[in-house]
Amino acid sequence: MKILGIESSCDETAAAVVEDGRIVKSNIIASSLEEHKLYGGVVPEIASRRHAEAISGVVKEALEQAGCTMDDIDAIAVTFAPGLIGALLVGVNFAKGLAASAGKPLVPVHHLRSHIASNYLTSDLEPPFLCLIVSGGHSHIVAVNSYTDYEIIGKTRDDAAGEALDKAGRTMGLPYPGGISIDKISKTGNSDAYAFPHPRVDGAPFDFSFSGLKTSVINIVHNAKQKQEEINIPDLAASFQKNVVHCLISNLETVSEKFGYNKIVLAGGVSANSLLRSESERLCRKHGWKLYLPELKYCGDNAAMVAAQGYYEYLAGITADSSLNAYATMPIDIVNF
Ligand code: KG4
Ligand code: ZN
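Residues numbered from 1 in each chain as written. Chains lettered and ligands numbered in written order. Predicted model: local features only at pLDDT ≥ 70, side-chain atom pairs only at ≥ 80, totals over all residues. Heavy atoms only, no water.

**Considerations on the packing of aromatic side chains**
Next, step 1: Under the counting rule described, the total for this entry stands at 9 aromatic pairs.
Next, step 2: When the centroid spacing of 6.2 Å and the interplanar angle of 90° are considered together, the rings of Phe80 and Tyr327 count as edge-to-face. Of this pair, Phe80 sits in strand β4 (residues 75-81) while Tyr327 is found in the segment after α10 (304-315), placing the two residues 247 residues apart along the sequence.
Next, step 3: When its relative accessible area of 0% is taken as the criterion, Phe80 is described as buried.
Next, step 4: Relative accessible area serves as the criterion here: at 30%, Tyr327 is assigned to the partly exposed category.
Next, step 5: Taken together, a centroid distance of 5.7 Å and an interplanar angle of 20° make the contact between Phe208 and Phe210 stacked. Each member of the pair, Phe208 together with Phe210, is buried.
Next, step 6: An aromatic cluster is present here, built from Tyr120, Tyr147, Tyr311 and Tyr312 joined pairwise through their rings.
Next, step 7: The positively charged end of Lys290 is found above the aromatic ring belonging to Tyr292, 4.8 Å away from the centroid. (Phe/Tyr/Trp six-rings, centres within 6.5 Å; stacked < 30°, edge-to-face > 60°. Helix = DSSP H or I, 4+ residues; strand = E, 2+ residues; numbered from the N terminus. Buried < 20%, exposed > 50% of the residue type's maximum accessible area, 1.4 Å probe, protein only. Lys NZ or Arg CZ within 6 Å of the ring centre and 35° of its normal.)

**Re the pattern of salt bridges**
Two side chains carrying opposite charge are able to pair once their charged atoms lie near each other.
Next, step 1: This structure, assessed with the given rule, holds 17 salt bridges.
Next, step 2: In this structure, Lys297 and Glu295 form a salt bridge, with 3.7 Å as the shortest nitrogen-oxygen distance.
Next, step 3: Salt bridges sharing partners connect three or more residues here, namely Asp159, Glu163, Lys167 and Lys214. (Salt bridge = Lys/Arg side-chain N within 4 Å of Asp/Glu carboxyl O.)

**Side note on the sheet that holds strand β6 (residues 129-134)**
Next, step 1: The strand order across the open sheet formed by 5 strands is β8-β7-β6-β9-β10, and the pairing between neighbours is mixed. Each edge of the sheet is formed by a strand with only one pairing partner; in this case those strands are β8 (149-155) and β10 (290-292). Across the sheet, the axes of successive neighbouring strands diverge by a mean angle of 25°, strand direction being ignored.
Next, step 2: Of the strand pairs in this sheet, β6 and strand β7 (residues 139-146) are connected by 6 bridges, and their pairing is antiparallel. (Pairing = 2+ DSSP bridges. Axes fitted to C-alpha atoms, helices over the stretch in contact; angles between N-to-C directions.)

**Structural notes on the site of ligand 1**
Next, step 1: His115, Gly136, Asp166, Asp183 and Gly269 are the nearest of the 19 residues found near ligand 1.
Next, step 2: Here an oxygen atom of ligand 1 sits 2.6 Å away from a polar atom, N or O, in the side chain of Asp166.
Next, step 3: Between an oxygen atom of ligand 1 and a main-chain N or O atom of Gly179, the distance comes to 3.3 Å.
Next, step 4: Counting only elements with at least two residues in the shell around ligand 1, the list comes to α4 (111-117), α5 (161-171) and α6 (178-186).
Next, step 5: For the shell around ligand 1, the class distribution of residues is 5 nonpolar, 11 polar and 3 charged. (Near = heavy atom within 4 Å. Polar contact = N/O pair within 3.5 Å; in protein donor to acceptor, adjacent residues only side chain to side chain. Nonpolar A, V, L, I, M, F, W, Y, C, P; charged D, E, K, R; others polar.)

**With respect to the pairing of strand β3 (residues 23-31)**
Next, step 1: In this sheet, β3 lies alongside strand β2 (residues 12-19) in antiparallel orientation, the contact comprising 8 bridges. Its bridge partner lying in β3, Ala16 is registered against Asn27.
Next, step 2: Between β2 and β3, which follow one another and run antiparallel, lie 3 residues, and Asp20 among them has a positive phi close to 50°.

**Looking at the nonpolar core**
Next, step 1: Residues Leu132, Met172, Phe210, Phe240, Leu248, Ile264 and Leu276 are the most contacted members of the largest nonpolar core, which totals 41 residues.
Next, step 2: Mapped onto this core, the elements with two or more residues apiece are β6, β7, α5, α7 (211-226), α8 (233-259), β9 (263-267) and α9 (274-287).
Next, step 3: With 10 residues, the single largest contributor to this core is α8.
Next, step 4: Among all residues touching Leu132, those that are not within four sequence positions of it are His140, Ile141, Phe208, Leu248, Leu252, Val265, Leu266, Ala267 and Leu276.
Next, step 5: Residues Ala14, Ala75, Ala77 and Tyr311 belong to the second largest nonpolar core, which totals 34 residues. (Core = buried A, V, L, I, M, F, W, Y, C linked by side-chain atoms within 4.5 Å. Contact = heavy atoms within 4.5 Å.)

**Looking at the coordination of the zinc ion (ligand 2)**
Next, step 1: The protein atoms that coordinate the zinc ion (ligand 2) are His111 (NE2), His115 (NE2) and Asp301 (OD), at distances of 2.0 to 2.1 Å.
Next, step 2: Each donor residue of the zinc ion (ligand 2) belongs to the same chain, with the gaps between them written as H-x3-H-x185-D. You can see His115 sitting in helix α4 and its partner Asp301 sitting in the loop between β10 and α10, a full 186 residues away along the chain. For the pair formed by His115 and Asp301, the shared burial category is buried. (Donors = N, O, S within 2.8 Å, 3.2 Å for Na, K, Ca; no water.)

**A word on helix α3 (residues 85-102)**
Since one α-helical turn is 3.6 residues long, residues separated by three or four positions face the same way.
Next, step 1: Between the first and last C-alpha of α3 there are 25 Å, a value that for 18 residues agrees with the 26 Å anticipated at 1.5 Å per step.
Next, step 2: Those residues of α3 lying buried are Ala87, Leu88, Val90, Gly91, Val92, Ala95, Lys96, Leu98 and Ala99. (Expected span 1.5 Å × (residues − 1).)

As structure tokens, then:
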């Protein structure tokens, strides 16, 4: 079964053709990231306009590269939530039009579910497993009971890990997105140079809180400026990154031990982080758990992961009609459309 996936939740306009949820036939991405860099973050209106301009060509290219026409496609899967509403609407409306004109089923896909599915593209991973999802908008520890059954065990109470890295990067004067910049510059820094608190959420040992860490960075930079002291940015970046990764890994370990998981999965843009990848490898080696990491090219937003998850949603009988809407927020466990 061939699924055409369409993704437009943030600043990537993407389309892909995937066979049986696992075999990538094509994976096309057009990004407006360079333009957003000028503003230090994604500008929703610009993202929506670029999606509208790019989507038709991106879908055409995905079909061509897969050697397909719409006749060969069995269903169209589209990201419908969560994300930037204007950006999502471009993909959803394009997919609705295409599904109606080609007479194909339309499968609504939750963005975080698709991030998890990026692991299906390059491994034999099957549920159940425990997943740490870390992106620009979300930080969750989720029990994936089946391809379409999820349970949130831990989540952030404030900023997502990616958001905290991006904001800290901006405070340090690094290029957007801060997560990528911090990962790069940390390689030359001393991660013990600056001390950060390890924030814990009272009464919720599985939850995260990153806003305090972000404030600590702002205070360090602000105080240094006032005292006209030099800041070693690689050291500050490395220390901050180590702390964020430590928070993620320590909760992941607590949850996995408590619930007895031996299959650990990472997903989302921040799963590209080199320290998070090496620390999760260390954690899983220590406990004898099997670790699944998405390939770097599937960590960020792409449509191959949407088509992969779309396949399993379709098998579970989840399809939408032309009334499908987009939603800026939607929990991963209770999907309504
Ligand atoms: O999943 P994603 O591409 O988009 C969302 O769904 O949010 O995640 C984007 C986030 C950004 O915050 C970005 O800074 C972060 O992923 N990111 C990284 C790295 N690559 C992307 N964070 C840390 N290290 C990286 N190598
Ligand atoms: Zn994403």
